[in-house]
Amino acid sequence: MKTLKYITVLIFIFAIFSCKNTPKNEAVNEKPFDQTTNWIVLEKSNTTQEADKFTWKFDVKHPADYVVQMVFDKLPTDTVSVEVAGQKFKEVLHADYKINSNKIVSEFQKTVKFSNTGNQIISIETKSDFNKIRIIPHYKNPMGSGKYDEEWLAMHQSPEKKAALNWFKEAKFGMFIHWGLYSQAGGIWNGVKINDVSQPGPKVAEWLMHAFQISRNEYKELAKTFNPDKSFAQNIAKLAKDAGMKYVVITSKHHDGFALFDSKYSEYDMADATPYKGDLVKELYDACLAEELDFGVYYSHGNDWMDGTDGNYANIKKVNDSLGIYTHPSGKNLWDPSPNTHAEYLESKAYPQIKELISMLPELKLIWFDGEGFITEDQSFKFYKMVYDLNPHILVNRRIGWGFGDYEDAGDNKIPSANEVVNKYWETCGTTNNSWGFKSYDHDWKSTKETLYYIVDIASKGGNYLLNIGPDGKGDVPVESKNILREVGTWMHTNGEAIYGTKRWSISSSEGQEETLLDGTTHREGKGFKKTFTSNDFWFTTKENNVYAISLVKPLGEITIKSFKKDIGKITGVKILGNDNEVEWNQNETGLKVNLKGIESNENGFVVKIVMALK
Ligand code: GLC
């Protein structure tokens, strides 16, 4: 969590590097875009003070998510109360970094959303002495200079991209696969578990090289023993099909830099460096197409611990230092960086590999970029345009960087609130235990019911769910994970109509219980999943003139769906998915009553299909 907070302040100034692609207009080049333009800095000397409460009025020029920071001479000791944009929170600040003026910058965990431009008020209550407040754009939505906006929008709104996005919205449910050299280690290195190392960073198994600071030469050795079973591709495609998934996205190259495909631009790949000698991406692509599944690749463009030097850390740090922003090295190779520059890595490996993947996989549906942290605005745009020029039907995700994604993500294992405004279509990616890559000792498997809950909750809020598996070094998928997927598949087989191609229902996304907001991988790992479902709980989706009310408990007796009181509109038919006959129903002032007599019992619930009269 700490790491995340540190990172929040890093990304805003990258555009300073970002002027090299507009040679036509030298004048623009001379005046680099300064990300601090969007900062709101409130001096203590300009406040209205009442006892320990300090209040400022300020102007928001750019609606976005912001991080609130305080600047001190000495670390604060008390809890600080904040009130801003309708939000109130009380927190101990995280006072871990100094800025070059020797002042201490500390920030709140809570981020603040400004949905509109205009006047705002912030109040801070504290006994600690401080110098100023800084309200700065959140790292997840770094603001670019705007110089590419028009060109990007023309591509993003092209008929090809629109058709691709429609495909994506229809698909709804996909398989994510984290698989690579690290899968052989299962989260253990020289007998030590990744969870037991003090090195900061995610304790997920694909971060092996980073967690143990393994040198590039030593890590490379793992390729010599990577020899999975030849049936990998078929098995995986079949599993995805059985699970009712519509597309598959595999880590073609994760942060460790190893390519699962045969690349001309690196010997450090499946075909050249392993005894397997094949191209697993192509094999899986063919197997998926044979199963009528669509195909996408994950590609870590920003991080490459083998060839991507320090991930641009030193360059970024230089600029950050001059602005008084702490630069957290998380996720970058600072233990054994390759001797080249990051720009050279992009030119010699990342751009060419993206081109290779696109030409090798003509039906490729999406590229899931990752590790964008220190990528510049120019570089992100170059990736976007390159993909578009080669195949405009390919979608790219948010993590391409700088707002150039065709769709949003809610965050790893994160379900947003129904109230959150999302400007683009969105997806959540999630794990079956608490790691993406195979971790031999993580047995905290989500139950089928929990997994269904995520699928249903996300669909009811209008998103896609990309559910991960982490096969072991031989390519075998842990049996618990397989079982979850197959049981989900059984549910989808009967109830998929309520998921595929559906939209958020304009009236409500659910009724009955409070939302459980899943707030990231470590949140679920730490808190577990404590939720019971009752026959009063329903999640809604809609397609054409049908609304689907999804329940996650056994069908028993008579149920009442309160959102369907008479004034909602006329209902012309009610069915339970998987049953041919109409059930007895009655719509009145309290809602829609449905008699479930004779409906086959299923632990994982049922779906009421409600046909509304056409208006
Ligand atoms: C995080 C992890 C990375 C994983 C990704 C999946 O970025 O660091 O290993 O691939 O999440 O969303």
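Residues numbered from 1 in each chain as written. Predicted model: local features only at pLDDT ≥ 70, side-chain atom pairs only at ≥ 80, totals over all residues. Heavy atoms only, no water.

Undergrad: Residues and numbers for the overall build of the chain, please.
TA: Looking only at helices and strands, the chain features 15 helices and 28 strands. For 615 residues, the compact-globule formula gives about 25 Å, and the C-alpha radius of gyration of the chain, at 25 Å, lands near that figure. For the chain, the spread of C-alpha atoms along the three principal axes comes to 75 × 70 × 55 Å. Counting all 615 residues of the chain, 58% fall into the buried class. Taking all contacts inside the chain whose residues are at least 6 apart in sequence as the whole, residues at least 24 apart take part in 76%. Surface exposure of the chain reaches about 25,500 Å², of which carbon and sulfur atoms provide 48%. Here the chain carries 74 positive and 82 negative side-chain charges, and the mean point of each set is 3 Å from the other. (Helix = DSSP H or I, 4+ residues; strand = E, 2+ residues; numbered from the N terminus. Rg over C-alpha atoms; globule rule 2.2 N^0.38 Å. Buried < 20%, exposed > 50% of the residue type's maximum accessible area, 1.4 Å probe, protein only. Contact = heavy atoms within 4.5 Å. Areas by Shrake-Rupley, 256 points an atom, 1.4 Å probe, with all protein chains shown as cover. Lys, Arg positive; Asp, Glu negative; His and termini not counted. Charge placed at Lys NZ, Arg CZ, Asp CG, Glu CD.)

Undergrad: Give me the lowdown on the sheet that holds strand β27 (residues 591-595), citing residues and values where you can.
TA: Judged by pairing direction, the sheet is antiparallel, and its 3 strands sit side by side in the order β24-β27-β26 without closing on themselves. Edge positions in the sheet fall to β24 (558-561) and β26 (585-588), since each has one partner strand and no second. Strand-to-strand, the axes of this sheet are offset by a mean angle of 20 degrees, without reference to chain direction. With 4 bridges connecting them, β26 and β27 associate as antiparallel partners. Residue pairing for β27: Asn588 is matched across the bridge by Gly591. (Pairing = 2+ DSSP bridges. Axes fitted to C-alpha atoms, helices over the stretch in contact; angles between N-to-C directions.)

Undergrad: Go over the site of the ligand, please, and point to the residues and values.
TA: Around the ligand, the neighbouring residues are Phe176, His178, Glu206, Trp207, His254, Tyr298, Trp368, Asp370, Arg399, Asp412, Cys429 and Trp436. Note that an oxygen atom of the ligand is positioned 2.8 Å from one of the side-chain N or O atoms of His254. Between the ligand and Asp370 there is a distance of 3.4 Å, counted from an oxygen atom to a side-chain nitrogen or oxygen. Considering the ligand on its own, with 310 Å² of exposed area, one finds that the protein chains cover 90% of that surface. (Near = heavy atom within 4 Å. Polar contact = N/O pair within 3.5 Å; in protein donor to acceptor, adjacent residues only side chain to side chain.)

Undergrad: Pulling in residues and values, what's your account of the nonpolar core?
TA: Within the largest apolar cluster, 127 residues are counted, with the highest numbers of intra-cluster contacts made by Met175, Tyr219, Phe295 and Ile367. Mapped onto the domain boundaries, this core takes at least three residues apiece from domain 2 (171-406) and domain 3 (510-612). If sequence neighbours within four positions are ignored, Ile367 has contacts with Val297, Tyr299, Ile354, Ile358, Val387, Ile394, Leu395, Val396 and Asn397. Core analysis: the next-biggest nonpolar cluster, separate from the first, contains 26 residues, Val68, Phe89, Ile104 and Met143 among them. (Core = buried A, V, L, I, M, F, W, Y, C linked by side-chain atoms within 4.5 Å. Domains from an automatic or database assignment.)

Undergrad: Which residues make up the environment of Glu218, and what are the values?
TA: Of note, Glu218 is situated in helix α6 (residues 216-220). For Glu218, a relative accessible area of 39% translates into the label partly exposed.

Undergrad: Run through the side chain of Arg398, naming residues and quoting values.
TA: With respect to the secondary-structure elements, Arg398 resides in the loop between β17 (395-396) and β18 (408-412). In terms of polar contacts, Arg398 uses its side chain to reach the side chain of Asp409, at 3.2 Å.

Undergrad: Would you mind going over the packing of aromatic side chains in detail, with residue names and values included?
TA: Counted under the stated rule, the structure contains 40 aromatic pairs. With centroids separated by 4.4 Å and ring planes inclined at 35 degrees, the aromatic side chains of Phe168 and Tyr407 adopt a geometry described as tilted. Within this pair, whereas Phe168 is found in helix α4 (residues 159-171), its partner Tyr407 is found in the loop between β17 and β18, the two being separated by 239 residues in sequence. Neither Phe168 nor Tyr407 differs from the other in exposure class; each is buried. The rings of Phe173, Tyr453, Tyr454, Tyr465, Phe529, Phe533 and Trp539 are connected pair by pair, giving a single aromatic cluster. (Phe/Tyr/Trp six-rings, centres within 6.5 Å; stacked < 30°, edge-to-face > 60°.)

Undergrad: Now, about the sheet that holds strand β15 (residues 294-300): what can you tell me, with residues and values included?
TA: With parallel pairing, 8 strands are arranged side by side in an open sheet as β17-β16-β15-β14-β11-β20-β19-β18. The open sheet terminates on both sides in strands that have one partner only, identified here as β17 and β18. In this sheet, strand β16 (residues 366-370) lies alongside β15 in parallel orientation, the contact comprising 5 bridges. Among the inter-strand pairings, Tyr298 is bridged to a residue of β16, identified as Trp368. Relative to the sheet, helix α11 (residues 342-360) contacts β14 (247-253), β15 and β16, its axis offset from that of β15 by approximately 175 degrees. Along the sheet, helix α13 (residues 448-460) makes contact with β11 (173-177), β19 (426-430) and β20 (464-469), crossing β20 at roughly 155 degrees.

Undergrad: Please set out the pattern of salt bridges residue by residue, giving values where relevant.
TA: Counting across every chain of the model gives 28 salt bridges. Salt bridges sharing partners connect three or more residues here, namely Asp370, Glu372, Arg398, Arg399, Glu408, Asp409 and Asp412. (Salt bridge = Lys/Arg side-chain N within 4 Å of Asp/Glu carboxyl O.)

Undergrad: Outline helix α3 (residues 149-156), supporting the account with residue identities and numerical values.
TA: Buried within α3 are the following residues: Trp152, Met155 and His156. Angular distribution of buried residues about the axis of α3 spans 95 degrees; they occupy a single face of the element. Opposite the buried face of α3, by more than 90 degrees, sit the exposed residues Glu150 and Ala154. (Arc of directions from axis to C-beta.)

Undergrad: Which residues make up the UniProt feature "domain: Alpha-L-fucosidase C-terminal" (unreviewed entry) in the chain, and what values do they have?
TA: Following the UniProt record, one finds the feature "domain: Alpha-L-fucosidase C-terminal" (unreviewed entry) at residues 534-605. Taken end to end, residues 534-605 is 0% helix and 43% strand, and its two terminal C-alpha atoms sit 10 Å from one another. (UniProt positions renumbered as here; feature names shortened; annotations may be inferred.)

Undergrad: Describe the pairing of β27, with residues and values.
TA: Most of β27 is tucked away, with 4 of its 5 residues classed as buried. Where β24 lies against β27, 4 bridges are found, and the strand directions are antiparallel. Residue pairing for β27: Ile561 is matched across the bridge by Leu592. The turn linking β26 back onto β27 is made up of 2 residues.

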